[in-house]
Amino acid sequence: MPNVDIRGFIFDLDGVLTDTAEYHYLAWQKLADEAGIPFNREKNEALRGVSRRASLMLIIGDRPYSEDQIQEMMARKNSYYVQMIENITAKDLLPGAIALLHELRQAKIKIAIASGSKNARTVITKLGIADLIDSLADGYSVQKAKPAPDLFLYAAHQLDLNPSQCVVVEDAAAGVEAALDGGMWAIGIGPVERVGKAHIVLPNLAGVTWKDLQFRFIHKLSTS
Ligand code: B16
Ligand code: MG
């Protein structure tokens, strides 16, 4: 268990600050329908926080597609996704996200966004939060995707902090695993069945304050 000397927050993007997860789902659904592969919302749950290629692999299973076909399908899904995020604005920030970002900045806590998405920079710009963060780690930053801790370790390094000084906020089981593996504090957003391994589990960021979180982390340490 790391000590409580939190100096930085590393936010996952999709599913934490904004709900682009829905657009990822709709884009994969369109691709699967075109390919005649059975897919639905329930199956999509396994794709949460998973990289583009690994997501496609989960969808196609053992169907024998060539590398060229795989590349084409990834590009096609991405083109659907890019079209869908075209009209994203600050209104697409999830409840509580902007208030927490502002409070953290006022408290001089460093902020990074660590997203497995290669479209993260576009999304952040459209959401209007680029000026509120100190660093972005995205789908281009590291080789090994979540659940490997690499993306979060990269973000901590960018913030010039030790992993134990960072809190990761994640909505995916793979992301919580990556944070814990990297020696960071983890806040899981979503149901206990999905993110229950995190130090703190919250349904969403609505009404969540840095003051309250600090208290909860200190309490967590004193009772562990
Ligand atoms: P792209 P996150 C992840 O973003 C998404 O949750 C996941 O659904 C997506 O496949 C992955 O990014 C790659 O995204 O295809 O845009 O490069 O949750 O890590 O912010
Ligand atoms: Mg996510």
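Just so you know, the residues in each chain are numbered from 1, in the order the chain's sequence is written. Chains and ligands are labelled sequentially in the order written, the chains with letters from A and the ligands with numbers from 1. In keeping with the predicted nature of the model, local features appear solely for residues at pLDDT of at least 70, side-chain atom pairs appear and are counted solely at 80 or more, and the whole-chain, interface and lining totals rest on all residues. Processing note: side-chain calculations cover all non-hydrogen atoms of the structure and skip hydrogens and water entirely.

Enquirer: Please explain the overall build of the protein as it appears in this structure.
Expert: Each helix and strand in the protein was counted, giving 10 helices and 6 strands. In the protein, which comprises 224 residues, the proportion classed as buried is 46%. By the convention used here, residues are in contact when the closest approach between their heavy atoms is within 4.5 Å. Restricting to contacts in the protein with at least 6 residues of sequence separation, those with at least 24 account for 62%. Put simply, the protein shows about 11000 Å² of open surface, and 51% of that area lies on carbon and sulfur atoms. Counting 24 positive and 27 negative side-chain charges, the protein places the averaged centre of each group 2 Å from the other. A run of H or I in DSSP becomes a helix once it reaches four residues, and a run of E becomes a strand once it reaches two; helices and strands are each numbered from the N terminus. The classification of residues rests on relative accessible area computed with a 1.4 Å probe and restricted to protein chains. Under 20% of the type maximum is buried, over 50% is exposed, and intermediate values are partly exposed. Values of accessible area rely on a 1.4 Å probe in the Shrake-Rupley scheme; residue burial ignores everything except the protein chains shown. Charge assignment: positive for Lys and Arg, negative for Asp and Glu; neither His nor the chain ends contribute. To locate a charge, the coordinates of NZ of Lys, CZ of Arg, CG of Asp or CD of Glu are taken.

Enquirer: Even after reading the chapter, I still don't get the site of ligand 1, so can you show me in this structure?
Expert: Working definition: residue near molecule or strand if any one of its non-hydrogen atoms lies within 4 Å of it. For ligand 1, the set of nearby residues contains 17 residues, the closest of which are V50, R52, G116, S117 and K118. We define a polar contact as two N or O atoms separated by no more than 3.5 Å, with the added condition that, inside protein, one atom must be a possible hydrogen donor and the other a possible acceptor, whereas residues neighbouring each other in sequence contribute only through side-chain atom pairs. G49 has a polar backbone atom sitting 3.2 Å from an oxygen atom of ligand 1. Burial of ligand 1 by the protein amounts to 97% of the accessible area it has alone, namely 460 Å². Amino acid classes used here: Ala, Val, Leu, Ile, Met, Phe, Trp, Tyr, Cys and Pro are nonpolar; Asp, Glu, Lys and Arg are charged; the rest, including Gly, are polar. Within the shell around ligand 1, the residues separate by chemical class into 3 nonpolar, 8 polar and 6 charged.

Enquirer: Teacher, can you tell me more about the domain arrangement of the protein here?
Expert: Accessible area lost upon the coming together of the parts serves often as the stated size of an interface. Throughout the structure description, domain borders are defined by an automatic or database domain assignment. When the domains of the protein are assigned, the result is domain 1 (8–19 + 89–223) and domain 2 (21–87). Between the C-alpha centres of domain 1 and domain 2 there is a distance of 24 Å. The interface is formed by 13 residues belonging to domain 1 together with 15 residues belonging to domain 2. A buried area of about 1200 Å², summed over both sides, lies between domain 1 and domain 2, and 47% of it is on carbon and sulfur atoms. Accessible area, probed at 1.4 Å, shrinks when two parts are joined; the buried area is that loss added up over both.

Enquirer: Just checking my understanding: could you explain the coordination of the magnesium ion (ligand 2) for this structure?
Expert: Around a metal, the ideal angle is 109.5 degrees if four donors adopt a tetrahedral arrangement and 90 or 180 degrees if six donors adopt an octahedral arrangement. Protein coordination at the magnesium ion (ligand 2) comes from D12 (OD), D14 (O) and D171 (OD), with a distance range of 2.0 to 2.2 Å. Any nitrogen, oxygen or sulfur atom within 2.8 Å of a metal ion counts as a donor, with the limit raised to 3.2 Å for Na, K and Ca, and since water is left out, coordination shells can look unfinished. Each donor residue of the magnesium ion (ligand 2) belongs to the same chain, and together they define the spacing D-x1-D-x156-D. In this pair, D14 sits in the loop between β1 (8–11) and α1 (21–35) while D171 sits in the loop between β4 (166–170) and α8 (173–181), placing the two residues 157 residues apart along the sequence. For D171, a relative accessible area of 2% puts it in the buried group.

Enquirer: What exactly am I supposed to notice about the pattern of salt bridges here?
Expert: Between side chains of opposite charge, a pair can form as their charged atoms come close. Any carboxyl oxygen of Asp or Glu within 4 Å of a side-chain nitrogen of Lys or Arg constitutes a salt bridge here. Per the stated rule, a full pass over the model turns up 12 salt bridges. A salt bridge links D5 to R7; its shortest N-O distance comes to 2.8 Å. In this structure, E170 engages K146 in a salt bridge whose closest nitrogen and oxygen atoms are separated by 2.8 Å. In this pair, E170 is assigned in strand β4 and K146 in the loop between β3 (135–137) and α7 (150–158), connecting sequence segments 24 residues apart. Each member of the pair E170 and K146 is classed as buried. The network of salt bridges with common partners includes K30, E34, E72 and R76.

Enquirer: Where do I start with the layout of surface pockets in this structure?
Expert: Empty space left among the atoms is revealed by rolling a probe the size of a water molecule over them. Lining residues are those with an atom within 4 Å of a point, where the points come from a 1 Å grid over the protein atoms alone and group into cavities, where a 1.4 Å probe fits but cannot get out, or pockets, open sets with protein on both sides within 12 Å along at least five of seven lines. Grid points are joined across faces, edges and corners, and a volume is the space filled by probe spheres set on the points. Taken as a whole, the largest pocket spans an internal volume of roughly 820 Å³. Around the largest pocket, the lining comprises 37 residues; the ones closest to its centre are G49, V50, S51, R52 and G116. Among the elements of the structure, α1, α2 (41–44), α3 (52–60) and α4 (67–84) are those that each provide at least two residues to the lining of the largest pocket. The greatest single-element share of the lining of the largest pocket, amounting to 5 residues, is contributed by α1. Residue classes in the lining of the largest pocket are distributed as 10 nonpolar, 12 polar and 15 charged. Residue contributions to the lining of the largest pocket reach at least three from each of two domains, namely domain 1 (8–19 + 89–223) and domain 2 (21–87).

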